[in-house]
Amino acid sequence: MRALVRQSHLSSGDLIWPVFVRKGTGIEEPVPSMPGVMRRSVDKIVQAAHEAADLGIPALCIFPYTEQSDRTEDCAEAWSPDNLSNQATRAIKDALPDMVIMTDVALDPYNINGHDGFVENGEIVNDRTVAALVKMALAQADAGADIIGPSDMMDGRIGAIRTALEAAGHSNVSILSYSAKYASGFYGPFRDAVGASGALTGDKKTYQMDPANSDEALRLIERDLAEGADMIMVKPGMPYLDICRRAKDAFGAPTFAYQVSGEYAMMQAAAQNGWLDHDKVMMESLMSFKRAGCDGILTYFAPAAARLMGKDRWHAQ
Ligand code: PBG
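Residues numbered from 1 in each chain as written. Predicted model: local features only at pLDDT ≥ 70, side-chain atom pairs only at ≥ 80, totals over all residues. Heavy atoms only, no water.

## With respect to the pattern of salt bridges
- Under the counting rule described, the total for this entry stands at 20 salt bridges.
- We note a salt bridge from D70 to K23, for which the minimum N-O separation is 3.7 Å. One end of the pair, D70, is in the loop between β4 (59-64) and α3 (84-95); the other, K23, is in the loop between β1 (15-22) and β2 (28-30), with 47 residues separating them in the sequence.
- D70 sits in the partly exposed class, given a relative accessible area of 26%.
- Classification of K23 as partly exposed rests on a relative accessible area of 41%.
- Each of D152, D155, R157, R223 and D224 takes part in a single network of salt bridges with overlapping partners. (Salt bridge = Lys/Arg side-chain N within 4 Å of Asp/Glu carboxyl O. Helix = DSSP H or I, 4+ residues; strand = E, 2+ residues; numbered from the N terminus. Buried < 20%, exposed > 50% of the residue type's maximum accessible area, 1.4 Å probe, protein only.)

## A word on helix α11 (residues 302-309)
- Along α11, the positions that sit buried rather than exposed are A302, P303, A305, A306 and M309. Projected down its long axis, α11 carries its buried residues within an arc of 165°, all on one side.
- Tucked into the core, α11 has its buried residues touching β1, α10 (278-291) and β12 (296-299).
- Positive backbone phi, approximately 65°, marks G310, located one or two places after α11. (Arc of directions from axis to C-beta. Contact = heavy atoms within 4.5 Å.)

## Structural notes on a nonpolar patch on the surface
- Where nonpolar side chains cluster on the molecular surface, the patch consists of M1, L4 and V5 and spans about 430 Å² of accessible area.
- Relative to the helices and strands, V5 is located in helix α1 (residues 2-5). (Patch = residues over 30% accessible without salt bridge, like charges linked within 9 Å, V, L, I, M, F, W, Y side chains within 5 Å. Areas by Shrake-Rupley, 256 points an atom, 1.4 Å probe, with all protein chains shown as cover.)

## Quick notes on helix α4 (residues 126-143)
- The first and last C-alpha atoms of α4 sit 26 Å apart over 18 residues, in line with the 26 Å expected at 1.5 Å per residue.
- Regarding α4, the residues found buried are T129, V130, A132, L133, V134, M136, A137, A139, Q140, A141 and A143.
- Residues of α4 that are buried sit in contact with α3, β5 (100-105), β8 (147-150) and α5 (157-167).
- G144 occupies a position one or two residues after α4 and carries a positive phi of about 115°. (Expected span 1.5 Å × (residues − 1).)

## Focus on the site of the ligand
- Around the ligand, the surrounding shell holds 18 residues, and the nearest of these are R191, K204, K235, S261 and Y300.
- The separation between an oxygen atom of the ligand and a polar side-chain atom of Q208 is 2.8 Å.
- Contact between the ligand and Y300: an oxygen atom at 2.6 Å from a side-chain N or O atom of the residue.
- Across the complex, the protein chains shield 100% of the 410 Å² of accessible surface that the ligand would expose by itself.
- Taken together, the residues of the shell around the ligand break down into 8 nonpolar, 3 polar and 7 charged. (Near = heavy atom within 4 Å. Polar contact = N/O pair within 3.5 Å; in protein donor to acceptor, adjacent residues only side chain to side chain. Nonpolar A, V, L, I, M, F, W, Y, C, P; charged D, E, K, R; others polar.)

## Some words on the state of the cysteines
- In total, this model carries 0 disulfides according to the counting rule given.
- Just so you know, C244 is unpaired, no disulfide at all, and the nearest cysteine sulfur is the one on C294, 3.6 Å from it. (Disulfide = S-S within 2.5 Å.)

## Here's the deal with the nonpolar core
- Formed by 101 residues in total, the largest nonpolar core has its most connected members in F20, L60, I92, M102, I148 and Y258.
- For this core, the element with the highest residue contribution is α4, accounting for 7 residues.
- If we ignore the near neighbours within four places in the chain, the residues touching I92 are I45, V46, A49, L60, I62, P97, M99 and I101. (Core = buried A, V, L, I, M, F, W, Y, C linked by side-chain atoms within 4.5 Å.)

## Some words on unusual backbone geometry
- Following K235, the chain continues into P236 via a peptide bond in cis, with omega recorded as -10°.
- Along the chain, the position of P236 falls in the loop between β10 (231-235) and α8 (241-251).
- Its identity is not glycine, yet C75 carries a phi of approximately 60°, on the positive side.
- The residue C75 is located in the loop between β4 and α3 in this model.
- The class for C75 is buried, based on a relative accessible area of 0%.

Function cannot be inferred from these measures alone, as they are strictly geometric.
Listed below in structure tokens is the structure:
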């Protein structure tokens with residue numbers, strides 16, 4: 001009876017699994033602040049992609065782990081056809097052409113100061129950054145990415161990337177814009193995972209959103225859709241479910257939430273201490289995104305949740 005009247009449904013098909021790629025071969029290195037999450041060398045990422053496919057997870061989102069010595073002032077590695085992220089995309093696409101690959105567009109993994117854009121005289125410079133992001137997105141599309149995920153929060157980057165993709169013959173490549181991305185404390189473990197924690201000088205408050213604002217999120221989403229975003233994202237997830245609901249109601253566009261590293265870390269930490277039931281809070285948190293109007297969720301829980309659900313929809317306990 002409960003299944004008959006249930007309003008929201010969750011399945012493995014709703015999940016995008018963020019994965020961290022590092023150099024080397026045969027390496028799976030745990031991220032200390034994210035229990036259960038690994039940095040994987042390209043060969044191991046391909047193995048993870050096979051697992052994802054077997055679990056019915058349709059998409060992976062690739063983030064590169066870089067060391068301080070890989071970071072430069074000009075961030076040139078960001079648009080190198082052979083950077084780690086592009087190597088991983090090619091390797092997965094060769095092995096599993098149907099696995100959807102999402103990539104991250106932002107300079108932070110390659111920037112000497114850990115910021116998503118170029119910094120000049122202590123300020124983020126928007127337009128020079130957008131030109132670099134366009135090159136980065138094109139290199140990702142050339143490598144085979146299906147979904148470009150600009151997470152940098154610069155102004156005008158969606159339109160610039162869309163135009164460049166069209167001109168390069170990549171009209172089938174989608175853009176999932178991190179439209180409403182808040183300057184959040186919940187990104188801490190991610191910055192460890194990608195090696196940015198030590199590098200970051202200052203904070204990202206001049207380009208990421210103030211957690212106090214919600215009308216601004218709607219304006220940014222509207223702008224990104226007008227510039228050609230195919231899908232939009234709210235990030236972080238659980239503290240911003242109200243934004244997910246408002247976004248879905250206002251625009252109806254495909255809406256994603258990113259259940260970020262800190263959300264994952266706090267649930268894992270409590271579960272490891274026996275303070276929360278891991279599977280129950282994992283599934284309840286994922287269902288909350290569906291209830292808030294999201295079409296899908298980026299979550300580090302993707303494999304664990306998919307394993308629990310099998311290929312069926314999730315039925316609450
Ligand atoms: C940066 C980026 C961040 C995340 C995804 N892309 C962190 C930041 O803005 O510093 C966070 C993801 C997470 O916390 O899980 N381009």
